[in-house]
Amino acid sequence: MQLFQPNIFLKITTLIPEKNQQKGFAFSMGIASSVQGSWWLLVFMVFLLFNYSDEFLEPSQYEAIVKIKQLLNFPQDLSSWSDNTDFCNSEPNTALTLMCYEDNITQLHISGYNWFPNLPQGFSTDTLFSNLALLPNLKVLSLVSLGLRGTLPKNIGFLSSLEIVNISSNFFYGEIPGEISYLKSLQTLILDYNKFTGQVPEGVGSLHSLSVLSFKNNSFSGSLPNSLSNLQDLRVLSLSGNNFSGEVPNLHNLSNLQVLDLESNYLGPNFPNIPTKLVSLVLRKNKFSLGVPKELSSCYQLKKLDISSNELVGPFSPTILSLPSLSYLDISGNKLTGKLLKNVTCSQDLSFVNLSSNYLTGELPACMHPRSGSKIVLFSGNCLGNKEQWQHPYSFCHNEALAVSIEPHKDKVKGGHGKAVLASSMVGGFVGGIAIIGLAFMVIRREYAKQKASKAPQTRLILEKVSPAHTLKLLNDARYISETRKLGLLGAPPYRTFVLDELREATNNFDISNLIGTSSSGQIYKGRLTDGTVVAIRSIKMRKRHSVQSYTHQLGRISKIRYCHLVSTIGHCFECNQDDSSVSRICLVFEFVPNGTLRGVISEANSAQKFTWTQRMSAAIGIAKGIQFLHTGLVPGIFSNQLKITDVLLDQNLHVKISKYNLPLLNENKKMDTGPSSSGSKGNDGQRLKSEEKDDVYDFGVILLEIISGRTIDTKNDIEVSKDILIVSLTADEIARRNIIDPAVRKECSDGSLRTSMELCIRCLSDEPSQRPSVEDLIWNLQFAAQVQDPWNRDTYGNQESPGHM
């Protein structure tokens, strides 16, 4: 298929009989008055209509796509469009997927997960949506993580054929325009992770085809529109992370609703009136306090329940534990009372239970004692007889049960007034329903690897009535349906833009208790995102004022660093000055690596357990491969990284991950850096640039020196002394060599492996960069050292691993 082009007339004339071409050409040059010219115009139009109408995208749609490319400033390596580009049959890529039906564009997916959009000066969302309006048959529109700023234009109402809209992870602000109600065919609307404010317009309730409505993590406020109760086809309703208040509309008649997530708002005090086909109910961190409806006992499909961190009162019915599909239950942080018994039956799928911080008495049911490490049960802060976790004395819960409207940490009410409060509270509890089976809901634990397996049945259930015209792409873009996110390379989440409120919530407003490190440029905090993902957040203060666009290139490079031996960056957030919109702070969000630094298992004196020699060789190989990726896995490569052993972290499997790269946004102030790294490179700047690879090889040699010796190497003098000892030991016998290495591995390493490592280390630390090995040589020699070690392990210890192997 070819598109309509300006020179199409010249192509058509080649098909006209030769004797008549001259007449046709003459007409094309303006001889419109001749009868013959007019006749050839008719021939041309008929020919174009009947022979080419099925092969050309309409010019207006072609021009609209080209304009959209220009507006979003697509990088050349993502799109090499030309005059002959066949959009409808072109291969999709990580940034763009475009689908057509009968030569009309029906789906447009643009994602910034794997490239960082650098929007041009004067970018206008109005212009963007005006061009989108030129695609009259567009049914699916996905503009995710593109850095789009501004209000949502009113002309979105012109896109009347839309069925799916996903504009999540951008910077849209202001109110949703009322024109959204014009999209009568809309089935999915996702506006997550933006900065929308105001109330949700009543017109949303007139979109009767809606099945997915998700406004997560914005700044909406006010009450929820009662018109939501009109959405009979609604399957997913997610409004978490906003400022909604007041009562939840009556949702009982929404018989198709399966996912209801209202977490982190100010809704209440009455418990929502819910339908019975719910699969997921999340109400945590609200103001619900007046009891739970008995209809919850009829939610037999319920898998995950979370009503934690509210002010719910009344008895907890243990029969909730036996709901047949229940796998996750969290009722913690309420004022629930009641007595638990050992013989209570639990759902076979129940894997997580949190009963903490209530007023429960009795004994933990036998079915809740974990039979394996896969079951987690938390019950501290009650008055249970089980003392494995901290409990109040029985009197505490007994007295609080008689005055459940009083805060747990306040003194008990004394005298007649206290009895009056008791009577009122107890009557309210009975009227609301004493024997209620509710009080346990499910949290969507989007822990990526687990959820890909566990959420698939739920995805099918939610989508069982979705139109066949919706392709699998719908699942990737409307990812809320399955509550999973398409994983990035090597299991890390896709790179995206965060909003500052997300990171504040993740770190408890950057509380000092979450501070895990400092640098010359800022602080590093541990945080937990709303989906449960633990991350490390580096807050970098900008000393000079620059616009957002000034940082897009470096952030684009950072987003591409994905490798098993490198700490991946999963997103960023800008904080801007209000006066001129310049960037005052950048927060970089990294995957959290939990097991400390490599130095902790090599040379720290208080280390509880040290790496074996086999593990040390494996770690060295991992570091070398990480350096190799930095040099060759990106274009241009990243060199002179000033790598230290404290920059090498250990993940949950004790695999190494390099956490520092030579990028301006990640570098600490080099003038303040007094360590030994890169000190081996000599000469002027030009010579240093020619040997950038060898700078990293030198730094690797310093790390290898510490791995071999088991002593901390912090200064230039430490390097020279230890290096000289290695050189001398190589000319001595095996006993002398073993005497200079770490005593923790002295007996377990083979001499062949030790000699190879020592020789390689000395070469890396050469004062002359040209004498240092290449990174490929590093990997080859280290792998050889590991290979000659393995037979020695088997000969010495039989089929078992060497002593101290982790």
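Residues numbered from 1 in each chain as written. Predicted model: local features only at pLDDT ≥ 70, side-chain atom pairs only at ≥ 80, totals over all residues. Heavy atoms only, no water.

In the annotation of an unreviewed UniProt entry, the entry for the protein chain reads Protein kinase domain-containing protein, and the organism field reads Datura stramonium. According to UniProt, the comment filed for the protein chain under the heading Subcellular location (unreviewed entry) is "Membrane". (UniProt positions renumbered as here; feature names shortened; annotations may be inferred.)

(A) Structural context of the pattern of salt bridges. Scanning the entire structure with this criterion turns up 15 salt bridges. As a salt-bridge pair, Glu263 and Arg284 come within 3.1 Å of each other at their nearest N and O atoms. Pair noted here: Glu263 is in the loop between strand S13 (259-261) and strand S14 (266-267) and Arg284 is in the loop between strand S15 (280-282) and strand S16 (304-306), with a separation of 21 residues, a long-range link. Look at Glu263 and you get buried, because its relative accessible area is 9%. Salt-bridge contacts for Arg585 lead to Glu575; the nearest nitrogen and oxygen are separated by 2.7 Å. Remark: Glu575 occurs in strand S28 (residues 569-576) and Arg585 occurs in strand S29 (residues 583-591); sequence separation between them is ten residues. Here the salt bridges do not stand alone but share partners, grouping Glu263, Arg284 and Asp306 into one network. (Salt bridge = Lys/Arg side-chain N within 4 Å of Asp/Glu carboxyl O. Helix = DSSP H or I, 4+ residues; strand = E, 2+ residues; numbered from the N terminus. Buried < 20%, exposed > 50% of the residue type's maximum accessible area, 1.4 Å probe, protein only.)

(B) Here's a closer look at helix H15 (residues 692-709). Along its 18 residues, H15 runs 27 Å from first to last C-alpha, staying within 8% of the 26 Å computed at 1.5 Å per residue. Across the 18 residues that make up H15, a large majority, 16, are buried. A positive phi of about 75° marks Gly710, the residue just after H15. (Expected span 1.5 Å × (residues − 1).)

(C) Broad picture of the packing of aromatic side chains. This structure, assessed with the given rule, holds eleven aromatic pairs. Ring geometry for Phe510 against Tyr525: centres 5.2 Å apart, planes inclined by 75°, an arrangement best described as edge-to-face. A residue pair is termed long-range when its members are at least 10 positions apart, and Phe510 in the loop between helix H11 (500-506) and strand S25 (515-519) and Tyr525 in strand S26 (residues 522-528) qualify at 15 residues. Exposure remark for Phe510: the relative accessible area of 13% places this residue in the buried category. Its relative accessible area of 10% is what places Tyr525 among the buried residues. By the ring-pair criterion, three or more aromatic residues cluster together here, those being Phe172, Phe196, Phe215, Phe220 and Phe244. Here Arg149 stacks its cationic end above the ring of Phe171, 4.3 Å away from the centre of that ring. Over the face of the ring belonging to Tyr193 we find Arg496, whose NZ or CZ atom lies 4.2 Å from the ring centre. (Phe/Tyr/Trp six-rings, centres within 6.5 Å; stacked < 30°, edge-to-face > 60°. Lys NZ or Arg CZ within 6 Å of the ring centre and 35° of its normal.)

(D) A look at the environment of Asn194. Mapping Asn194 onto the fold places it in the loop between strand S7 (188-190) and strand S8 (195-198). On a C-alpha basis, the gap between Asn194 and Ser168 in space is 6.6 Å, while along the polypeptide they are 26 residues apart. Here Asn194 is in contact with Ile167, Ser168, Ser169, Asn170, Phe171, Phe172, Asn217, Asn218 and Val499, once residues within four sequence places are set aside. One polar contact links the side chain of Asn194 to the main-chain amide nitrogen of Phe172, over a distance of 3.1 Å. (Contact = heavy atoms within 4.5 Å. Polar contact = N/O pair within 3.5 Å; in protein donor to acceptor, adjacent residues only side chain to side chain.)

(E) Spatial organisation of unusual backbone geometry. Here the amide bond leading from Gly268 into Pro269 is cis, since omega sits at 5°, within 30 degrees of zero. Looking at where Pro269 falls in the secondary structure, it is placed in the loop between S14 and S15. One non-glycine residue, Ser264, lies in positive phi territory at about 60°. Its place among the elements puts Ser264 in the loop between S13 and S14.

(F) Local environment of the confidence of the model for the protein chain. Mean pLDDT over the protein chain: 77, with 73% of residues reaching 70 or higher. Low pLDDT (under 50) marks residues 1-55, which in the prediction has 51 contacts with non-local residues, meaning those over four places away or in another chain. Within the model, the stretch residues 405-490 combines pLDDT values under 50 with 182 contacts to residues more than four positions away or in other chains. (pLDDT = per-residue confidence, 0-100.)

(G) Inspection of the nonpolar core at higher detail. Ranked by size, the top nonpolar core spans 91 residues in total, and within it Leu108, Phe129, Leu132, Leu143, Leu213 and Leu355 carry the most contacts. For this core, the secondary structure elements donating two or more residues are helix H4 (59-72), strand S1 (96-101), strand S2 (104-111), helix H5 (125-132), strand S3 (140-144) and strand S19 (335-340). Per element, the largest residue contribution to this core is five residues, and it comes from H4. The contact partners of Leu213, leaving out residues within four places of it in the chain, are Leu189, Val204, Leu228, Leu231, Leu234, Val236, Leu237 and Ser238. Grouped together as the second largest cluster of nonpolar side chains are 73 residues, Val548, Leu598, Ile623 and Phe629 included. (Core = buried A, V, L, I, M, F, W, Y, C linked by side-chain atoms within 4.5 Å.)

(H) Seen up close, the packing of helix H16 (residues 716-730) against helix H18 (residues 751-764). Viewed as axis vectors pointing N to C, H16 and H18 meet at an angle of 135°, and their least axial separation amounts to 10 Å. Classified by the interaxial angle, the pair formed by H16 and H18 is oblique. Crossing geometry of H16 relative to H18 is assigned as left-handed. Each of Leu726, Ile727, Ser729 and Leu730 in H16 lies in contact with H18, whose residues at this interface are Arg755, Met758, Glu759, Cys761 and Ile762. A class-by-class count of the residues in the contact of H16 with H18 yields six nonpolar, one polar and two charged. (Axes fitted to C-alpha atoms, helices over the stretch in contact; angles between N-to-C directions. Parallel < 35°, antiparallel > 145°, perpendicular 65-115°, else oblique. Left-handed = near helix turned anticlockwise from the far one by under 90°. Nonpolar A, V, L, I, M, F, W, Y, C, P; charged D, E, K, R; others polar.)

(I) Looking closely at the state of the cysteines. Under the counting rule described, the total for this entry stands at two disulfides. Two residues share a disulfide in this structure: Cys346 and Cys367, whose sulfurs sit 1.8 Å from each other. Its S-S torsion of about 45° marks the bond between Cys346 and Cys367 as right-handed, since a negative value means left-handed. Linking Cys346 in the loop between S19 and strand S20 (352-354) with Cys367 in the loop between strand S21 (359-362) and strand S22 (376-378), this pair joins segments that are 21 residues apart in sequence. At a sulfur-sulfur separation of 2.0 Å, the disulfide partner of Cys383 is Cys397. Measuring the twist about the S-S bond at about 85°, one finds the Cys383-Cys397 disulfide to be right-handed. (Disulfide = S-S within 2.5 Å.)

(J) A look at the sheet that holds strand S12 (residues 243-246). Strand order across the open sheet formed by six strands is S4-S6-S8-S10-S12-S14, with parallel pairing between neighbours. Both outer strands of the open sheet, strand S4 (149-151) and S14, are each paired with one neighbouring strand and no more. (Pairing = 2+ DSSP bridges.)

(K) Region of the structure containing the packing of H15 against H18. Between H15 and H18, whose axes approach to 8 Å, the crossing angle comes to 145°. The element H15 and its partner H18 pack so that their crossing is left-handed. Residues Val697, Tyr698, Phe700, Gly701, Leu704, Leu705 and Ile708 of H15 touch H18, and the partners they reach there are Leu754, Ser757, Met758, Leu760, Cys761 and Cys764. A breakdown of the residues in the contact of H15 with H18 according to their chemical character gives eleven nonpolar, two polar and no charged.

(L) Structural context of the sheet that holds S19. Read across the open sheet, the four strands follow the order S17-S19-S21-S23; overall the sheet is parallel. Two strands close off the open sheet at either side, each with one partner strand: strand S17 (313-315) and strand S23 (383-384). Relative to S21, S19 is paired through four bridges, and the arrangement is parallel. The residue bridging Leu340 from the neighbouring strand is Gly362, located in S21.

(M) Geometry of the pairing of strand S27 (residues 534-541). Counted residue by residue, S27 has six buried out of eight residues, so it is predominantly covered. For S26 and S27, the ladder comprises seven bridges, and the chain directions are antiparallel. Bridge assignment links Ile524 to a residue of S27, and that residue is Arg538. Counting the residues in the hairpin turn of S26 and S27 gives five residues, including Gly532, whose phi is positive at 95°. Of the strand pairs in this sheet, S27 and S29 are connected by seven bridges, and their pairing is antiparallel. Looking at the pairing, Ile537 lines up with Val589 of S29.

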